[in-house]
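# Structure assessment
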Amino acid sequence: MRQPCPRKNKAYLMSTFDSYSPDALHFLRDLKANNTKDWFVANKVTYEQHIKEPTKTFANDLASALGDLTGQPHGSKIFRIHRDIRFSKDKTPYNAHIHIALRPESAVAQPPMWFFGLSPEKPTLGCGVFQYEKEALATFRTAMAGPQGAEKDIENTALSTFPNSPAVRRGA
């Protein structure tokens, strides 16, 4: 019999972050339409006030809430606004989205990471392992080739049948 979650009724509130302002989404939408250095420089104050600083606060609050929820401290990484265009055909210089990764600060070699993204079109949430180390990957592959993998395949198939939800993607 499944045991109830001891934290089930605990509220996890953000201590200082309330929400992104409407100007944040307007900025991301406008950046997508005007993705040039000149436009960004002219609108840098808006970026700092409505994207950069609130994202720092949000990332810290998310890390704190995940720490409370899991009992392990978490760290956050905010992905930079500048794109690496050295080897890309797309030479637009800026990302028109916010991305935050959160990771337990534990000694575990392959802890799951959390991911939050916000673009003008949609928010994105995720959890998983970013990249397995060689030994951990071999262990994972062995587990997925056995009964545990078949069970996960059934769960993924069931999840993909939810109305109006995208299919669960393996390895995405």
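Everything discussed here concerns the structure shown above.
The following refers to the structure shown. Keep in mind that what you see is a predicted model, and the values were worked out from it rather than measured. (Residues numbered from 1 in each chain as written. Predicted model: local features only at pLDDT ≥ 70, side-chain atom pairs only at ≥ 80, totals over all residues. Heavy atoms only, no water.)

## Concerning the environment of Asp61
The cut-off we apply is this: Only DSSP runs of H or I with at least four residues qualify as helices, and only runs of E with at least two residues qualify as strands; both kinds are numbered from the N terminus onward.
With respect to the element layout, Asp61 can be found in helix H3 (residues 44-70). For the pair formed by Asp61 and Ser76, sequence separation is 15 residues and the distance between their alpha carbons is 9.6 Å.

## With respect to the pattern of salt bridges
If charged atoms from side chains of opposite charge come close, those side chains can pair. Defined as follows: Any carboxyl oxygen of Asp or Glu within 4 Å of a side-chain nitrogen of Lys or Arg constitutes a salt bridge here.
Applying the stated criterion across every chain, the model contains four salt bridges. The salt bridge partner of Asp90 is Arg83, with a shortest N-O separation of 3.8 Å.

## Digging into the packing of helix H1 (residues 22-33) against H3
Rules: To obtain each axis, a line is fitted to C-alpha atoms, and for helices this fit is confined to the stretch in contact; angles are then taken between N-to-C directions over 0 to 180 degrees. By the definition adopted for this analysis, an angle is roughly parallel if under 35 degrees, roughly antiparallel if over 145, roughly perpendicular if from 65 to 115, and oblique otherwise. Left-handed describes a crossing whose near helix is turned anticlockwise from the far helix through less than a right angle; right-handed describes the clockwise counterpart. Here, residues are in contact when the closest pair of their heavy atoms is within 4.5 Å.
Across the interface, H1 lies against H3 with an axial gap of 9 Å and an inter-helix angle of 125 degrees. When the axes of H1 and H3 are compared, the pair comes out oblique. Seen along the crossing, H1 lies across H3 with a hand that is left-handed. Residues Asp23, Ala24, Phe27 and Leu28 of H1 form the contact with H3, whose participating residues are Thr46, Tyr47, His50 and Ile51.

## Thoughts on the pairing of strand S4 (residues 123-128)
Applicable threshold: Between buried and exposed lies partly exposed: a residue is buried under 20% and exposed over 50% of the maximum accessible area for its type, with that area taken using a 1.4 Å probe on protein chains only. DSSP calls a pair of strands paired once it identifies at least 2 bridges connecting them.
For S4, a buried count of zero out of six residues is recorded, marking the element as mostly open to its surroundings. Bridge analysis of strand S3 (residues 113-118) against S4 gives six bridges, and the strand direction is antiparallel. Bridge pairing links Phe116 to Leu125 in S4. The antiparallel hairpin formed by S3 and S4 contains four residues in its connecting segment.

## Re the nonpolar core
Where we set the bar: We define a nonpolar core as any set of buried Ala, Val, Leu, Ile, Met, Phe, Trp, Tyr and Cys residues linked to one another through side-chain atoms lying within 4.5 Å.
Counting 23 residues, the largest nonpolar core has Tyr20, Phe27 and Leu31 as the members making the most contacts within it. Contributing elements (two or more residues each) for this core: H1, helix H2 (37-42), H3, strand S2 (98-104) and S3. Among residues more than four places away in sequence, those in contact with Tyr20 are His50, Ile51, Pro54, Thr55, Phe58, Ile98, Phe116 and Leu118.

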